[in-house]
Amino acid sequence: MKLKDKTIKVTHPAILVEDICFNWPNGSQVLRSCSLKVPKGEFWMLLGTNGSGKSTLLRLLAKLLSPQSGTIHFEGKIGFVFQNPDHQLVMPTVGADIAFGLVEERLSQLQIRHRVEDALSAVNLLELQRRPIYALSGGQKQRIAIAGAIARNCDILLLDEPTALLDPDSQLDLVTQVQSLVKKRGITALWVTHRLNELDYSDGAFLLDKGQVVDQGSPEFLKQRLIKDSF
Ligand SMILES: Nc1ncnc2c1ncn2[C@@H]1O[C@H](COP(=O)(O)OP(=O)(O)O)[C@@H](O)[C@H]1O
Ligand SMILES: [Mg+2]
């Protein structure tokens, strides 16, 4: 029997996905009538086994891929944080990397400086502004990637297993940092993970199975559901 968590009611979604289907060109079907809503200003997580379609769903949300059918709506600008920050940070120093993300906005030098400093302060790394990227830890790199999205005034953060390459301390730092950014700055975040201990920091979570959201609800509800499944 499928359980439903009735304690969570979504009133104002920042992300609304309705009935999307996605197949790769080789015909393999990844997302099958997949639907979800992420409430504005909340921190939600997306769980599911390897190959269930989590990364594909995030790429569809970021418009890096297009669905064959279904609709995706979101409010505001999206920032993406990859599992491996080395795929994302392109400039030699922290400050230059964040400023590089602002090129299209044609800001003055002073405006760029303010945006970079504000974004670095938001992730508590202002003192690393002149540090070379190669000298950062994995957790610091992920926070710089997040600062890049904040500097661009992103309203929605999509994070694809951002802690997969981190040690347990940096993992905890990152998840609490995102939780606090969501609360302080009104950002909406969708975080992919397979680590159940991270669920505790979320406002709610979705469980993806074979390309469909098969359950969703509070962290406690999802944890119980997953623990039950493993027996
Ligand atoms: N570029 C690609 N071409 C074809 N199949 C792919 C490609 N990328 C991923 N897949 C397949 O799509 C399915 C879903 O992958 P993915 O979204 O990465 O899952 P998850 O992130 O949940 O582990 C998997 O079966 C994977 O092998
Ligand atoms: Mg993935």
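Scroll up a little and you will see the structure.
So, how was this worked out
- Residues numbered from 1 in each chain as written.
- Chains lettered and ligands numbered in written order.
- Predicted model: local features only at pLDDT ≥ 70, side-chain atom pairs only at ≥ 80, totals over all residues.
- Core = buried A, V, L, I, M, F, W, Y, C linked by C-beta atoms within 7 Å.
- Buried ≥ 20, exposed ≤ 12 C-beta atoms within 10 Å, placed from the backbone.
- Contact = placed C-beta atoms within 7 Å.
- Near = placed C-beta within 6 Å.
- Helix = DSSP H or I, 4+ residues; strand = E, 2+ residues; numbered from the N terminus.
- Nonpolar A, V, L, I, M, F, W, Y, C, P; charged D, E, K, R; others polar.
- Pairing = 2+ DSSP bridges.
- Axes fitted to C-alpha atoms, helices over the stretch in contact; angles between N-to-C directions.
- Parallel < 35°, antiparallel > 145°, perpendicular 65-115°, else oblique.
- Left-handed = near helix turned anticlockwise from the far one by under 90°.
- Right-handed = clockwise from strand over helix to strand, strands pointing away.

Trainee: In this structure, what is going on with the nonpolar core? I would like to understand it.
Mentor: Among soluble globular proteins, nonpolar side chains are generally buried collectively. Membership of the largest hydrophobic core comes to 62 residues, with the highest contact counts inside it found for Ala147, Leu157, Val178 and Ala189. When residues no more than four places from it in sequence are discounted, the contact partners of Val178 are Phe43, Leu157, Ala189 and Trp191.

Trainee: Looking at this model, I keep getting lost on the site of ligand 1. Mind explaining?
Mentor: Near ligand 1 you find Trp24, Asn26, Ser28, Val30, Gly48, Asn50, Gly51, Ser52, Gly53, Lys54, Ser55 and Thr56, and these make up its full shell. Here the element with the most residues in the shell around ligand 1 is helix 1 (residues 54-61); it accounts for three residues. When its residues are assigned to classes, the shell around ligand 1 shows two nonpolar, nine polar and one charged.

Trainee: Explanation requested: the sheet that holds strand 5 (residues 78-81) in the structure shown.
Mentor: Each strand in a sheet pairs with another by means of backbone hydrogen bonds, the pair being arranged parallel or else antiparallel. Ordered by their spatial adjacency, six strands build an open sheet running 5-6-7-3-8-9, and the pairing between neighbours is mixed. With one partner strand each, in any of the chains shown, strand 5 and strand 9 (212-217) form the two edges of the open sheet. Mean inter-strand twist for the sheet, computed between neighbouring axes without regard to direction, equals 20°. Sheet topology places strand 6 (residues 156-160) next to strand 7 (residues 188-192); five bridges connect them, and they run parallel. Across the sheet, Leu157 pairs through a bridge with Ala189, a residue of strand 7.

Trainee: Just to check I follow, could you spell out the packing of helix 4 (residues 138-151) against helix 5 (residues 168-185) for this structure?
Mentor: The geometry of a pair of packed helices is captured by two quantities: the angle between their axes and the separation between those axes. Relative to each other, helix 4 and helix 5 sit at 15°, their axes nearing to 9 Å. Here helix 4 lies roughly parallel to helix 5, going by the angle between them. The chirality of how helix 4 crosses helix 5 is right-handed. Judged by residue contacts, Gly138, Gly139, Gln142 and Arg143 of helix 4 engage Ser170, Asp173, Leu174 and Gln177 from helix 5. Residue composition of the contact of helix 4 with helix 5, grouped by class: one nonpolar, five polar and two charged.

Trainee: Looking at this structure, I do not really get the sheet that holds strand 1 (residues 13-23). What am I missing?
Mentor: An order of 2-1-4 is seen for the three strands of this open sheet, with the pairing classed as antiparallel. In this open sheet, the two strands that pair with only one neighbour each are strand 2 (29-39) and strand 4 (69-74). Strand-to-strand twist in this sheet, taken as the mean axis angle between neighbours without regard to direction, amounts to 15°. Bridge analysis of strand 1 against strand 2 gives seven bridges, and the strand direction is antiparallel.

Trainee: Can you walk me through the pairing of strand 6 in this structure?
Mentor: Along strand 6, five of the five residues are buried, which leaves the element largely enclosed by surrounding structure. Along strand 6, one buried face is formed by Ile156, Leu158 and Asp160 and the opposite face, lined by Leu157 and Leu159, is buried too. With four bridges connecting them, strand 5 and strand 6 associate as parallel partners. For Ile78, the partnering residue across the bridge sits in strand 6 and is Ile156. The handedness of the strand 6 to strand 7 crossover, carried by helix 5, is right-handed.

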